[in-house]
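Geometric and topological summary
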Amino acid sequence: MKIARVVVDVPAMQTDRPFDYLVPEEWEDVIVPGIRVIVPFGPRKVQGFVIEVASASEVNKLKKISEIFDLTPALTDELLELGKWLTEKTLCFQISAFQAMLPAAMKAKYEKRICLTRNSSELPPELAVLFENTRDISWKEAEAHNLFAELQKEIKKGSLEVVYQVAQKGKQKKVRYLKPAADLEALKKTAEEMPAQAGRQKAALDYIIASQKSEISAADLKSGANASDSSIKALVQKGILAEEWLEVYRDPFEHRTFKATENMALTSEQQSAIAPILDSIEASRHDVFMMYGVTGSGKTEVYLQAIDRVMKEGKEAIVLVPEISLTPQMVDRFKGRFGSKVAVLHSGLSTGEKYDEWRKIQRKEVQLAVGARSAIFAPFENLGIIVIDEEHESSYKQEENPRYHARDVAIHRAESYRCPVVLGSATPSLESFARASKGVYHLLPLRERVNSRALPEVNVVDMREELRNGNRSMFSSDLFEQLQLRLDRKEQTVLFLNRRGFSAFVMCRDCGYVIQCPNCDISMTYHRQGNKLKCHYCAHEAPMPSLCPECSSEHIRFFGTGTQKVEEELAKVLPEARVIRMDVDTTSRKGAHERLLGQFGEGKADILLGTQMIAKGLDFPNVTLVGVLAADTMLHLPDFRAAEKTFQLLTQVSGRAGRHELTGEVVIQSYTPDHYSIQLAKDHDYDGFYEREMMERKQHAYPPFYYVAVVNVSHPDLLKTSSVMETIAQFLIQNLDSHTKVLGPVASPIPRIKNRYRYQCMIKYKRDEKLIPALKKVMDRYQQEMARDELVISIDLNPTTLM
DNA sequence: AGCACGCCGACT
DNA sequence: GTCGGCGTGCTC
């Protein structure tokens, strides 16, 4: 008998290995690597992935696979290999890697039920009641009745049985279709012979005949022929129509049309950028290209034409975009060029919609997947190119296990398919640009804008100066004048507020007391709606006090600037301006994003005010002014990428102005206007920034000169946390290469979240063979404590944030 | 992760 | 004597 090696859906260190199962003979042909199965595991049943089929096992008492979950493998051989690679690269469980590669709808759902084996009359009366109308009840229901002892007795006796059900979270959507049992001619005859009182039924048949279709959905029949359920039922019962449930895709773009576009003529610069890409497509060569092009230099057109070539060769393509729901304009461009050959995967879709888009890819009904980070796992089997737009974006790094970076996954997959990867950005990450400079990646510069428009002029305003001149408002006189000017000229403005690390905290002006979350060492954020305080880390809420809890002073109020406050302020100083505010509060509802942007695009507002989410990809011709209210808020975060992130953000935001005929201007307000990241962003000088920042990184031994790994420890007890971290740090110092630096341990930048204390230590290394084994050993050493105690240890190789 | 098994304290 | 508390270890 054949043996299947199965990785079970139990994310724990002890079960992070394959278990062997017997393959029942009738399934020998179906059970192949990548198939999901249900297997008995201890007393229960769990889902598992078959990763290998063998002919012998070292274990002698094997159990049989109980059920098959897939007819076609959920994971291709390539993805199975990729999963193994992910496991090693990110130190996650194999099962977590597999699950990360599949849509959430495919995750298993478990239910424990109690089932009647014989007759309810055999049960004691208090139990018999529960099984009066049903043969099985859920365990939870039984638990609620508090009849444990009785249940246990009956289970032992055998009149009741515990069953473990395994299902999938997401379902396929099915729609009822009706099909004539005979051919059309016969149907015509049947319709004519219909008794006179069956008018509705005849109408339905006539409608089907007129439609000329061999099958018709029940919904169509109801609305088109005004047929009722009863008349349809009658026709089915008479055997005239046959009922059939067919799978349909949920279409997230049902009510959208996309304007078809054709390849555009390329500028000479675009041509020299695309030539080497086409070359490596033709030669089936794996190359990584760093397409470094200023905003408006036409990167997307290059992607589109390279993809077009790939598709003409019968191959497939993946395009990653930062967070696609933020840039409907991007979807439009791909859908416009490739129409129904595109699957879109992004967070704005429901799990069901994502599942359907994924299955289009699996069934090879599309050749292009456009999506956010996880779209990198699109189950294509003949990839011809992978494009990562805005390559520097931090959202390409997953912040939960498996902590992978989509760029690394892309390069690994492209190696297997011997196809090119194109990284595009106006502000490449230092890591990628350094590789391009060294010749590891091919640099493709696009230095001109397609429409030859000059980049917008950027003014940096020193807010300290404003304060000295007696301007205490959040708008500098320069920004205010410019705003006024746009209003007069009927042009639009984008106002950007970077809220990170700068939300509205509440402080007492008399004693300086700042209200903090009782569970987290972080100040609470003031929310205007409901006059409430909220903790952004644990969602704890508290009413806004009218007196200081510390000194009972009345002078307690909120500081800092939120978008709501800016909106109020705008209403005061520019009452005639129409403002659209975009932040978490106004965009939480589905489709709110598109709606608000649509309104702004139609000119229904003068000012678009928002947070990070408006920094990306917006392209409105009438926007001629971009204001950045506080440029330096994230400059002071404890993060070695702070300067890089600031530069990227400012450059990106500036790119929103004057993209078309009208020239644009940018006003950046800052309390540290001389910082190089701000000054160089003002001059649109990426090369200058790159050189300057590389010096900093070299001096402080940060990436790209060193790799960084961070070990995080958290526990409800402070002493426990620090002592575990200390032990780990000592162990690492003793067991790593002598060139490797172990820094810390220190308390994390946010020392406590949800009543758990947090410590971390940073490892800087160049090449250290001992690192992964040492980290594995650490996890191994603490696995028991992590399972029993509340200890959590997490490891992030190449973190993008240290918070 | 679940779940069973097993070894100690406080009860009818 | 037994019920049930949770620490320990296993799952093909």
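Up top is the structure.
Presented here is a report on the structure given in the accompanying data block. Remember, predicted model here, so these are calculated numbers, not experimental data.

What counts as what
- Residues numbered from 1 in each chain as written.
- Chains lettered and ligands numbered in written order.
- Predicted model: local features only at pLDDT ≥ 70, side-chain atom pairs only at ≥ 80, totals over all residues.
- Heavy atoms only, no water.
- Helix = DSSP H or I, 4+ residues; strand = E, 2+ residues; numbered from the N terminus.
- Buried < 20%, exposed > 50% of the residue type's maximum accessible area, 1.4 Å probe, protein only.
- Pairing = 2+ DSSP bridges.
- Axes fitted to C-alpha atoms, helices over the stretch in contact; angles between N-to-C directions.
- Parallel < 35°, antiparallel > 145°, perpendicular 65-115°, else oblique.
- Contact = heavy atoms within 4.5 Å.
- Nonpolar A, V, L, I, M, F, W, Y, C, P; charged D, E, K, R; others polar.
- Near = heavy atom within 4 Å.
- Polar contact = N/O pair within 3.5 Å; in protein donor to acceptor, adjacent residues only side chain to side chain.

Thoughts on unusual backbone geometry
Looking along the chain, the bond that leaves asparagine 401 and enters proline 402 is cis, with omega of -10°. Along the polypeptide, proline 402 turns up in the loop between strand 17 (383–388) and helix 14 (406–417). For the peptide bond that leads from proline 703 to proline 704, omega is 5°, which places it in the cis range. Positive phi is not limited to glycine here, since serine 284 has a value of about 50°. Considering the arrangement of structural elements, one finds serine 284 in the loop between helix 10 (268–282) and strand 13 (288–293). Given the relative accessible area of 24%, serine 284 is considered partly exposed. At serine 552, a position not held by glycine, the phi torsion is positive, near 60°. With respect to the helices and strands, the residue serine 552 is situated in the loop between strand 25 (541–543) and strand 26 (556–558).

A word on the pairing of strand 21 (residues 492–496)
Most of strand 21 is tucked away, with five of its five residues classed as buried. Covered by surrounding structure in strand 21 are Gln492, Val494 and Phe496 together with Thr493 and Leu495, the residues of both alternating faces. Sheet topology places strand 21 next to strand 29 (residues 623–628); five bridges connect them, and they run parallel. Residue pairing for strand 29: threonine 493 is matched across the bridge by leucine 625. Across four bridges, strand 21 lies against strand 28 (residues 607–610) in parallel orientation. Across the sheet, threonine 493 pairs through a bridge with isoleucine 607, a residue of strand 28.

Some words on the packing of helix 15 (residues 430–438) against helix 23 (residues 686–699)
Packing of helix 15 against helix 23 brings their axes to within 11 Å, and their N-to-C directions diverge by 100°. Considering their axes alone, helix 15 and helix 23 lie roughly perpendicular with respect to each other. Listed contacts from helix 23 to Leu430, Phe433, Ala434 and Ser437 of helix 15 are Tyr686, Asp687, Phe689, Tyr690, Glu693, Met694 and Arg697. In terms of residue class, the contact of helix 15 with helix 23 is built from seven nonpolar, one polar and three charged.

A word on the sheet that holds strand 23 (residues 525–527)
Taking strand neighbours across the sheet as the criterion, the three strands line up as 23-24-25 in an open arrangement whose pairing is antiparallel. Strands with a single pairing partner mark the edges of an open sheet, and in this sheet they are strand 23 and strand 25. Going across the sheet, the axis of each strand differs from the next one's by a mean of 30°, ignoring polarity.

Overview of the protein's contact with DNA strand C
Taken together, 13 residues sit near DNA strand C, with Arg17, Asp20, Pro40, Gly42 and Lys63 positioned nearest. Backbone atoms, meaning sugar and phosphate, form 42% of the atoms of DNA strand C found within 4 Å of the protein. With respect to DNA strand C, the side chain of lysine 63 contributes an N or O atom lying 2.4 Å from a phosphate oxygen. Of all elements in the fold, only strand 2 (19–22) and strand 3 (36–41) reach the threshold of two or more residues within the surface near DNA strand C. In terms of residue count, strand 2 provides more of the surface near DNA strand C than any other element does, three residues in total. Looking at the surface near DNA strand C residue by residue, the classes come out as six nonpolar, three polar and four charged.

Some details on the side chain of threonine 740
Relative to the helices and strands, threonine 740 is located in the loop between helix 24 (718–735) and strand 32 (741–753). Those residues in contact with threonine 740 that sit more than four places away from it in its chain are Ile763, Lys764, Tyr765 and Asp768.

Regarding the environment of alanine 167
Its place among the elements puts alanine 167 in strand 9 (residues 160–168). A relative accessible area of 29% means that alanine 167 is categorised as partly exposed. Excluding anything up to four places from it in sequence, alanine 167 contacts Phe69, Lys107, Ala108 and Lys109.

Focus on the sheet that holds strand 29
Here six strands make up an open sheet; going across it, the order is 20-30-29-21-28-27 and the pairing parallel. This sheet does not close on itself; its edge strands, each paired only once, are strand 20 (457–462) and strand 27 (579–582). Recorded for the sheet is a direction-independent mean angle of 15° between the axes of neighbouring strands. Packing against the sheet, helix 20 (residues 592–601) makes contact with strand 21, strand 27, strand 28 and strand 29, and its axis sits at approximately 155° to strand 27.

Quick word on the protein's contact with DNA strand B
Around DNA strand B, the structure places Val10, Pro11, Ala12, Gln14, Pro43, Arg44, Lys112 and Tyr164. Sugar plus phosphate: this is where 65% of the atoms of DNA strand B within 4 Å of the protein reside.

Notes on the pairing of strand 33 (residues 756–765)
Two faces make up the sheet, and in a regular strand the side chains alternate between them. The buried count for strand 33 comes to nine of ten residues, which makes it a mostly enclosed element. When strand 31 (residues 707–715) meets strand 33, the two strands line up antiparallel, connected through nine bridges. Bridged to asparagine 712 within strand 33 is glutamine 760. Bridge count for strand 32 against strand 33 is seven bridges, and the pairing is antiparallel. The residue bridging arginine 752 from the neighbouring strand is tyrosine 757, located in strand 33. Counting the residues between successive antiparallel strands, the hairpin from strand 32 to strand 33 contains two residues, one of them, lysine 754, with a positive phi of roughly 50°.

Just distances and angles here, no functional claims.
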